[in-house]
Amino acid sequence: MDAADLTAFGDSLAVPSVVCLWAAVLLRAPAALRSPQQRGLWLAVATAAAAMTLNLPDVVTYAMRDPDYAHTVGLFRNLIGVLSAGTVLYFVAAATRGRALQLAAWVGTVAWLTTLVVLDTAAPEHTTHTIPPQGDPVPSLAYWLFLISAHLLANTTCVSLCWRYSRRTESRGLAAGLRLFGLGTALAGLFWFAYLLKALFGSTWAMPALPLMMNLHGLLRAAAILVPTLFTLRRTSADIATAWRLWPLWRDLVQAVPHVALTKPRAGRVVELLWPPVPRNLLVYRKVIETRDAILILGEYVAPGLPELARTHVTGHGIPEQRRTAAALACVLKEARQAKLAGRPGQPGEDAAWELPAAMQTSAEGGDLDDEARFLVDVARAYGSPSTTDFTPLGPTPQRPHTP
């Protein structure tokens, strides 16, 4: 790929990069404006999106039609770029919880913006803001050095922080977001370093790669602020899948023990997921808790010897060892549910012939609810399997004497 092809490829990413940036900014706006920790990062990406929008080839071509308009767009684009650098420093300050650094970031940004306007006003009459291949930078070398220094300072500080904190955090989402943002910021830093070489030494060897660097920087920053959204979507999808698989077992148990349900069950599984009776982020939690409560109550209707018969039954059906506990519990629940619905007397308290499986005991004692959810999904899968349907205790179901 020669220099012209590299430049053309980089330019082809300009519109997709800006579109992705604005989409990410709009999607994350509600959460970012509520959270001081996310506000600086969101502002940095929003201002970068504005600056890159003004740098789109079509926008630049349109601005060049009127010399006065070209000057205004060029100056405004540079000022927005410095504001973006300032918000990057604010993001660094907010992440380190340095109040003095946050104040310094805003004071420094205002000072930088003011100085750029003064340098632009003091320069000879001009239209565009550029560093031509031959001749002096326009409007002045001081203007460009001041502009480039703002970006290099902010980008270098941000890359260092993102690298350091991404290695320390235990949150996978935060680490991924910091690395993506740091990588995008590093590309922006290389972009401005190439401009520094051009301003000071007239070096142009890196210029063909600059559009690619800047537009990849935009895509990476958009991806960085979308990481929480992607993790939320992933969690929501996993919760929907878990709730879907748990529903048949939960429905049958709640039919036998209806008072364990916090809300009245919906008419069907699809309706339950599309229109959940509780906040969506609590749907799996409620299903797991209500299923566990129903299992505890149905334990009072487990006949003596039934768990042992169930384990023998699933072993004889060739069920893998890691799923035998769940399959045996499914068989026990089927019989206990039938006993409850048939009106047979239960045996409450410590005399019940049964105990919770280890996966459920750990969760009940404050362990990981996700482990219990996975175990109950295995129970639900076994509950509808032929091995559970075929399970029938040998002989009549033993009856306990009823204790008033």
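Note that the coordinates shown come from a computational prediction; the quantities given were computed from them, not determined experimentally. (Residues numbered from 1 in each chain as written. Predicted model: local features only at pLDDT ≥ 70, side-chain atom pairs only at ≥ 80, totals over all residues. Heavy atoms only, no water.)

Undergrad: When you look at the packing of helix α7 (residues 141-168) against helix α8 (residues 172-201) in this model, what are you seeing that I'm missing?
TA: The axes of two packed helices give the description: the angle between them and the distance between them. Where α7 contacts α8, the axes come no closer than 8 Å and their chain directions differ by 155°. Classified by the interaxial angle, the pair formed by α7 and α8 is roughly antiparallel. Like other packed secondary-structure pairs, α7 and α8 cross with a definite hand, here left-handed. (Axes fitted to C-alpha atoms, helices over the stretch in contact; angles between N-to-C directions. Helix = DSSP H or I, 4+ residues; strand = E, 2+ residues; numbered from the N terminus. Parallel < 35°, antiparallel > 145°, perpendicular 65-115°, else oblique. Left-handed = near helix turned anticlockwise from the far one by under 90°.)

Undergrad: I keep staring at α8 and nothing clicks. Help me out?
TA: Three- or four-residue spacings in an α-helix give side chains the same orientation, since the helix completes a turn every 3.6 residues. Across its 30 residues, α8 extends 43 Å between first and last C-alpha, which sits within 8% of the 44 Å expected from 1.5 Å per residue. Looking one or two residues beyond α8, the residue adopting positive phi is glycine 202, at roughly 70°. (Expected span 1.5 Å × (residues − 1).)

Undergrad: Would you mind going over the layout of surface pockets with me for this structure?
TA: Take a probe with the size of a water molecule and roll it over the atoms, and the empty space left behind shows itself. In this structure, the largest pocket occupies an estimated 1000 Å³ of space. In terms of lining, the largest pocket is formed by 42 residues, of which the most central are Asn55, Arg77, Phe191, Tyr195 and Met214. If one sorts the elements of the lining of the largest pocket by residue count, helix α5 (residues 67-95) sits on top with 9 residues. Partitioned by chemical class, the residues of the lining of the largest pocket number 25 nonpolar, 13 polar and 4 charged. (1 Å grid on protein atoms, 1.4 Å probe; cavity = no way out; pocket = protein on both sides within 12 Å on 5 of 7 lines; lining within 4 Å. Points joined across faces, edges and corners; volume = space filled by probe spheres on them. Nonpolar A, V, L, I, M, F, W, Y, C, P; charged D, E, K, R; others polar.)

Undergrad: What exactly am I supposed to notice about a nonpolar patch on the surface here?
TA: A surface patch of nonpolar side chains, amounting to about 550 Å² of accessible area, comprises Trp244, Val270, Val271, Leu274 and Trp275. Residue position: tryptophan 244 is located in helix α9 (residues 210-256). (Patch = residues over 30% accessible without salt bridge, like charges linked within 9 Å, V, L, I, M, F, W, Y side chains within 5 Å. Areas by Shrake-Rupley, 256 points an atom, 1.4 Å probe, with all protein chains shown as cover. Salt bridge = Lys/Arg side-chain N within 4 Å of Asp/Glu carboxyl O.)

Undergrad: Explanation requested: unusual backbone geometry in the structure shown.
TA: Negative phi characterises most residues that are not glycine, and trans characterises most peptide bonds. Cis geometry is adopted by the peptide bond preceding proline 139, which originates at valine 138 and carries an omega value of 10°. Position of proline 139 relative to the elements: it lies in the loop between α6 (99-122) and α7.

Undergrad: Sorry, what's going on with the nonpolar core here?
TA: A general trend in soluble globular proteins is that nonpolar side chains are found buried together. Of all hydrophobic cores here, the largest spans 55 residues; its most connected members are Trp144, Phe181, Trp192 and Tyr195. Listed by contribution, the elements that provide at least two residues to this core are α2 (14-34), α3 (36-54), α5, α6, α7, α8 and α9. Element by element, the count of residues in this core is highest for α7, at 10 residues. Other than its neighbours up to four places away in sequence, tryptophan 144 contacts His129, Thr130, Ile131, Pro137, Val138, Pro139, Trp192 and Tyr195. Ranked by size, the runner-up nonpolar core spans 46 residues in total, among them Val257, Ala261, Val288 and Ile295. (Core = buried A, V, L, I, M, F, W, Y, C linked by side-chain atoms within 4.5 Å. Buried < 20%, exposed > 50% of the residue type's maximum accessible area, 1.4 Å probe, protein only. Contact = heavy atoms within 4.5 Å.)

Undergrad: In this structure, what is going on with the environment of alanine 206? I would like to understand it.
TA: In this fold, alanine 206 is placed in the loop between α8 and α9. Classification of alanine 206 as buried rests on a relative accessible area of 15%. Taking the C-alpha atoms as reference, alanine 206 lies 9.5 Å from leucine 190; in sequence the two are 16 residues apart.

Undergrad: Help me out: how do you make sense of the packing of aromatic side chains in this one?
TA: Any pair of aromatic rings gets described here by the distance separating the centres and the angle formed by the planes. Under the definition given, this model contains 7 aromatic pairs. Connected via pairs of aromatic rings, a cluster forms that spans Tyr143, Trp144, Phe191, Trp192 and Tyr195. Taking the ring centre of tryptophan 250 as reference, the NZ or CZ of lysine 287 above it sits at 4.0 Å. (Phe/Tyr/Trp six-rings, centres within 6.5 Å; stacked < 30°, edge-to-face > 60°. Lys NZ or Arg CZ within 6 Å of the ring centre and 35° of its normal.)

Undergrad: Any chance you could explain the UniProt feature "transmembrane region" (unreviewed entry) in the protein chain here in plain terms?
TA: Taking the numbering used here, the UniProt-annotated feature "transmembrane region" (unreviewed entry) corresponds to residues 12-29, 41-63, 75-96, 103-123, 143-165, 177-197 and 209-231. What you have in residues 41-63 is 91% helix and 0% strand, and the ends, taken at the C-alpha atoms, are 30 Å apart. Split by type, residues 143-165 is 100% helix and 0% strand. Its first and last C-alpha atoms lie 34 Å apart. (UniProt positions renumbered as here; feature names shortened; annotations may be inferred.)

Undergrad: Looking at this model, I keep getting lost on the pattern of salt bridges. Mind explaining?
TA: A side chain of one charge can pair with a side chain of the opposite charge when the charged atoms of the two come close. Inspection of every chain in the model, using the stated rule, returns 10 salt bridges. The partner of arginine 251 in a salt bridge is aspartate 252, with the nearest N and O atoms 3.2 Å apart. On the accessibility criterion, arginine 251 (31% relative accessible area) is partly exposed. In this structure, aspartate 371 and arginine 374 form a salt bridge, with 2.3 Å as the shortest nitrogen-oxygen distance. Of this pair, aspartate 371 and arginine 374 both sit in helix α15 (residues 369-383), 3 residues apart, roughly one helical turn.

Undergrad: Hey, could you run me through the packing of α9 against helix α13 (residues 324-341) in this one?
TA: The geometry of α9 relative to α13 is characterised by a closest axis approach of 9 Å and an angle of 30° between their N-to-C directions. By the angle between their axes, α9 is roughly parallel relative to α13. The handedness of the crossing between α9 and α13 is left-handed. Between α9 and α13, the contacting residues are Leu249, Asp252, Leu253, Gln255 and Ala256 on the first element and Leu333, Arg337, Lys340 and Leu341 on the second. Considering only residue class, the contact of α9 with α13 consists of 5 nonpolar, 1 polar and 3 charged.

Undergrad: Explain empty space enclosed by the protein here, please?
TA: For the structure on display, the rule yields 2 cavities of 30 Å³ or more. Elements represented by at least two residues in the lining of the largest cavity include exactly α5, α6 and α7. Looking at the lining of the largest cavity, the element that brings in the most residues is α5, giving 4 residues. In terms of residues, the lining of the second largest cavity owes the most to one element, helix α11 (residues 283-298), which gives 4 residues. The residue makeup of the lining of the second largest cavity, split by class, is 4 nonpolar, 1 polar and 4 charged.

Undergrad: Please explain the state of the cysteines as it appears in this structure.
TA: Cysteine pairs can be covalently joined through their sulfur atoms, and such a bond is termed a disulfide. The full count for this structure, using the stated rule, is 0 disulfides. Not part of a disulfide, cysteine 20 finds its nearest cysteine sulfur in cysteine 162, a span of 20 Å. Left without a disulfide partner, cysteine 162 is nearest to the cysteine sulfur of cysteine 158, which lies 3.8 Å away. (Disulfide = S-S within 2.5 Å.)

Undergrad: Hey, could you run me through α15 in this one?
TA: When the terminal C-alpha atoms of α15 are compared, their 20 Å separation across 15 residues agrees well with the 21 Å that a helix rising 1.5 Å per residue should span. All of the buried residues in α15 are Glu372, Ala373, Phe375, Leu376, Val377, Val379, Ala380, Ala382 and Tyr383.

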